[in-house]
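Spelled out from the first residue to the last, the chains are:
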Amino acid sequence: MAVRLLHRARRLVRASRGAAAAISVIWIAGSMMLGGVAVDVAYAYLHRARLQYAADAAALAAALHLDDRDEAGRTARRLLRLNLPAGADGEAVGSAVIEFGRIEAGAFLALDPARDTHAPADAVRVILRRGGAAGDAAPVFMLRLVGAEPWRLAAAATARRLAGPEPARRAACGGLALSTRDLDVDGGSELGADVCLH
């Protein structure tokens, strides 16, 4: 009986000599897959953050020109083109939606561009999309191997131009109002009126 067990143990050791190499290959391949997925997710977060930064900047810039909606729209699109060059970010700028409206009870109410041409606007919303009907989606690399579709990303920013005495402006913005007195902006950017970013 003991001889038989010893014989079986020797056979098992001989049969599993290549198992360590096979397990190592599987372990390395799995680690590379996980690393690839991490790269894809990080790439998506990077592009989503770039869309958000561009939407924030465009909304703030447009809010400074709310008296002239055409100029506000041109300013927002010009800033979007600077922050999202076509080669690196697909066609996010071409599919940008720039809406004018009002903030009431903390919610953005868009004005109808055909009907409300002379209605006063105190806010602008910029919506950026990448992927789907909006155009060039953010690509995936490793996830493509398992059939994943390119990332569909979106970002939105609303900026409100405030009026009235300083305490009223701060209350209207939940305590956060940006002005030339409150914010020192470097890099050649200017903030010429009080605005609120929602």
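Look a little higher up for the structure.
One structure accompanies this document, and this report is about it. (Residues numbered from 1 in each chain as written. Predicted model: local features only at pLDDT ≥ 70, side-chain atom pairs only at ≥ 80, totals over all residues. Heavy atoms only, no water.)

1. Regarding the pattern of salt bridges
Throughout the structure, instances matching the rule amount to seven salt bridges. For Arg 74, the salt bridge is made with Glu 71, and the minimal N-O distance between the two is 2.9 Å. With Arg 74 and Glu 71 both in helix H3 (residues 69-83), this residue pair falls three residues apart, about one helical turn. Among the residues examined, Glu 71 registers a relative accessible area of 22% and is labelled partly exposed. (Salt bridge = Lys/Arg side-chain N within 4 Å of Asp/Glu carboxyl O. Helix = DSSP H or I, 4+ residues; strand = E, 2+ residues; numbered from the N terminus. Buried < 20%, exposed > 50% of the residue type's maximum accessible area, 1.4 Å probe, protein only.)

2. What about the packing of aromatic side chains?
What characterises a pair of aromatic rings is the spacing of the ring centres plus the angle enclosed by the ring planes. Using the criterion set out here, one finds one aromatic pair in the structure. Centroid distance Tyr 43 to Phe 141: 5.2 Å. Interplanar angle 70°. Geometry classified as edge-to-face. Within this pair, whereas Tyr 43 is found in helix H2 (residues 19-63), its partner Phe 141 is found in the loop between strand S3 (123-130) and strand S4 (153-161), the two being separated by 98 residues in sequence. Overall, Phe 141 belongs to the partly exposed group, its relative accessible area being 40%. (Phe/Tyr/Trp six-rings, centres within 6.5 Å; stacked < 30°, edge-to-face > 60°.)

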